[in-house]
Amino acid sequence: MAMSWAGGRILRGAVIFALALAVGSSPAADTSKLNILLIDIEDCNAGALGCYGNPLCKTPNLDDFCQTAVRFDRAHVQAVCCNPSRTSFLTGLRPKTTRVRSNRDVMSEHLPEGTLTLPEMLKAAGFYLADIGKLFHKIDYAERQMRVFDRIEMYDRPTGWKGPEPIIVFPPSGRKAVPDPAPPDHDSKDYAEWRRRRSDRYGDSGLKPDEERDYRMAVSAAALLKEFSKGDRRFFLAVAQSRPHTPLIAPKSFIDMYDPAQIPAPPAPPDSLVNFPYMQRARGKNPDIFTMQQPTPQQAREAIAAYYACLSFVDHNVGVILRGLEESGLADKTIVVFLGDHGFHLGDHGFWSKYSMLAATHRAPLIVRVPGAAAAGKTCDGIVEFVDLVPTLGELCGFQVPANLEGTSFAPLFSDPNRPWKTASFLVEGDSENGEIVRTRKYSYMEFEKGEMPAAMFDLEKDPWETRNIVDDPGYAAARKGMADLLHAGWKAALPPSAPARE
Ligand SMILES: [Ca+2]
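Calculation criteria
- Residues numbered from 1 in each chain as written.
- Predicted model: local features only at pLDDT ≥ 70, side-chain atom pairs only at ≥ 80, totals over all residues.
- Heavy atoms only, no water.
- Phe/Tyr/Trp six-rings, centres within 6.5 Å; stacked < 30°, edge-to-face > 60°.
- Helix = DSSP H or I, 4+ residues; strand = E, 2+ residues; numbered from the N terminus.
- Lys NZ or Arg CZ within 6 Å of the ring centre and 35° of its normal.
- Donors = N, O, S within 2.8 Å, 3.2 Å for Na, K, Ca; no water.
- Buried < 20%, exposed > 50% of the residue type's maximum accessible area, 1.4 Å probe, protein only.
- Expected span 1.5 Å × (residues − 1).
- Contact = heavy atoms within 4.5 Å.
- Axes fitted to C-alpha atoms, helices over the stretch in contact; angles between N-to-C directions.
- Parallel < 35°, antiparallel > 145°, perpendicular 65-115°, else oblique.
- Nonpolar A, V, L, I, M, F, W, Y, C, P; charged D, E, K, R; others polar.
- 1 Å grid on protein atoms, 1.4 Å probe; cavity = no way out; pocket = protein on both sides within 12 Å on 5 of 7 lines; lining within 4 Å.
- Points joined across faces, edges and corners; volume = space filled by probe spheres on them.

A. Highlighting the packing of aromatic side chains. Scanning the model with the defined rule gives 15 aromatic pairs in all. Ring geometry for Y128 against F228: centres 5.6 Å apart, planes inclined by 70 degrees, an arrangement best described as edge-to-face. In this pair, Y128 is assigned in strand β3 (residues 128–132) and F228 in helix α9 (residues 213–228), connecting sequence segments 100 residues apart. Aromatic ring contacts, followed pair by pair, group F72, F410 and F414 into a single cluster. Across the ring face of Y52, the terminal group of R71 is positioned such that the distance to the ring centre comes to 5.0 Å.

B. Summary view of the coordination of the calcium ion. Distances from the calcium ion to its protein donors, E42 (OE), D43 (OD), D341 (OD), D341 (OD) and H342 (NE2), fall within 2.2 to 2.9 Å. All donor residues of the calcium ion come from one chain, and their arrangement in sequence is E-D-x297-D-H. Here the residue E42 occupies a position in the loop between β1 (35–41) and α2 (60–66), and H342 occupies one in the loop between β9 (334–340) and β10 (345–346), the gap between them amounting to 300 residues. Across this residue pair, the class does not change: E42 and H342 are buried.

C. Molecular detail of α9. Helix length check: α9, at 16 residues, gives a terminal C-alpha distance of 22 Å against a target of 22 Å (1.5 Å per residue), a fit within 8%. When we look at burial in α9, the residues that qualify are D214, R216, M217, A218, S220, A221, A222, L224, L225 and F228. Contact partners of the buried residues in α9: β1, β3, β4 (151–154), β7 (235–241) and α12 (297–328).

D. Geometry of the packing of α9 against α12. Between α9 and α12, whose axes approach to 8 Å, the crossing angle comes to 10 degrees. The angle between α9 and α12 places the two elements in the roughly parallel class. Across the interface between the two elements, D214, Y215, A218, V219, A221, A222, L225 and K226 of α9 pack against F313, H316, N317, V320, I321, G324, L325 and S328 of α12. A breakdown of the residues in the contact of α9 with α12 according to their chemical character gives 10 nonpolar, four polar and two charged.

E. Spotlight on helix α3 (residues 82–89). The buried fraction of α3 amounts to eight of the eight residues, a majority that puts the element mostly inside the structure. Listed as buried for α3 are C82, N83, P84, S85, R86, T87, S88 and F89. Looking at the buried residues of α3, the elements they touch are β1, α4 (95–98), α5 (107–110), β9 and α14 (389–397).

F. Region of interest: the environment of G47. Among the structural elements, G47 can be located in the loop between β1 and α2. As a C-alpha pair, G47 and F344 span 297 residues in sequence and 9.8 Å in three-dimensional space. Beyond its immediate stretch of four places on either side in the chain, G47 contacts N54 and R363.

G. Quick look at unusual backbone geometry. The omega torsion of the bond from R243 to P244 falls at 0 degrees, within 30 degrees of zero and hence cis. For P244, the location among the structural elements is in the loop between β7 and β8 (248–250). In this structure, the amide linkage connecting T246 to the following residue, P247, adopts the cis form with an omega of 0 degrees. With respect to the helices and strands, P247 occurs in the loop between β7 and β8. Here the phi dihedral of H349 falls at roughly 65 degrees; this positive angle occurs in a residue that is not glycine. Tracing the backbone through its elements, the reader meets H349 in the loop between β10 and β11 (352–353). Even without being glycine, S353 reaches a positive phi, approximately 85 degrees. If you trace the backbone, S353 turns up in strand β11. S353 gets classed as buried once you look at its relative accessible area, which sits at 0%.

H. View of the layout of surface pockets. One number sums up the size of the second largest pocket: a volume of about 670 Å³. Those elements giving two or more residues to the lining of the second largest pocket turn out to be β2 (70–76), α12, β10 and α13 (359–362). Among the elements that line the lining of the second largest pocket, the one with the most residues is β2, at three residues. Of the residues contributing to the lining of the second largest pocket, the split by class is 16 nonpolar, seven polar and eight charged.

Okay, structure coming up:
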């Protein structure tokens, strides 16, 4: 399928920043010269972050960043785990279109012919492309897409990578904290056991901060930004942080920042659930941590404290990257996107890990700094979707994006974050029951293709933690019909009032 190119978006980007200038913000950047720095972190529950209002978790660098950026408080991913979510927000297409619905779907084999990813669009626009750490779920799921990069820095030469250099492998950090090598046979019981053992760990990593991969990736990013400042080529730099993905381990100095005794019990305990469709998860089968058995209350507090420590360590590293950007002199020419690839349950509903249909899995952090934006330092309560990221960057930076994208540029929110925006977000779950969700400000509603799972609906105003499934409550019959109709009508029925109609 040949792609056609959408015209007219470059001009809209210019209009927005002319507007920003008119309302008295700092001087508007030249949109045709903006660079992009993407900081992507793993498995981040937005509500756990200090910069999203969590009173216990300390994120001073992200707090400062929010003062110059727009924090999106209702940003939802389009799938409940890494591979389909990343595939969606890196193509601007929804999982039903990408055909990547689970972590098992190999992206390069599932994408419809002609589908472009963000790096490929940026390559066509003349950007220099650099990647440090994970961007797509697996590099061997995305070999063609990764080949457009000018520079790739990884810890290990990725399994299955058949492409040419420029893979740059980080030099060893000197020592590994816990000598526990993986059994060689990845199909063996020993290997499965090793993975569970490793994933279930939390607490002290046994490494100093400067021995940690996440820190070293941040330092490498800062050095690269300095290099970029010597030239004038536009760049896209993606830099990853593996945390707060399990194992929830961090340097002791970060673990020591949190006293498990001060951590409150998780909200929405299993005994608060009414007519709830996911009870089997509450009985165990957590995929990422506490995989063998549910934690004791003390273990739960310790794990949440360790999660906060991982977030504080990420924050520390983000500070290294952002200071590097400032020192490079490129901050006023660079859009900075900080995001998590999806969320994570921290014991709410008796759940740990991702892969659920509930907000903890699909509400993820999204904080974006656009030089010269009038809304800098504000928060946006409007509903945005991660699938909107590519069209937004296309508009803000003036590069062409395919016409068939299924997101909507939220660039107008950088002028006025309070304007009426999308009325719902949509996402899928493709790992167990093939579920679909629509979520408005008032309700979440979900249906399942497989198995015996009935539809579910939650009244988010009365029950923000989604504990009481009211789908069969006669008092909600009209609301249920409205939500079911919206789910079946799909994302085009929830566009912002001012967005152009799409065919
Ligand atoms: Ca992830």
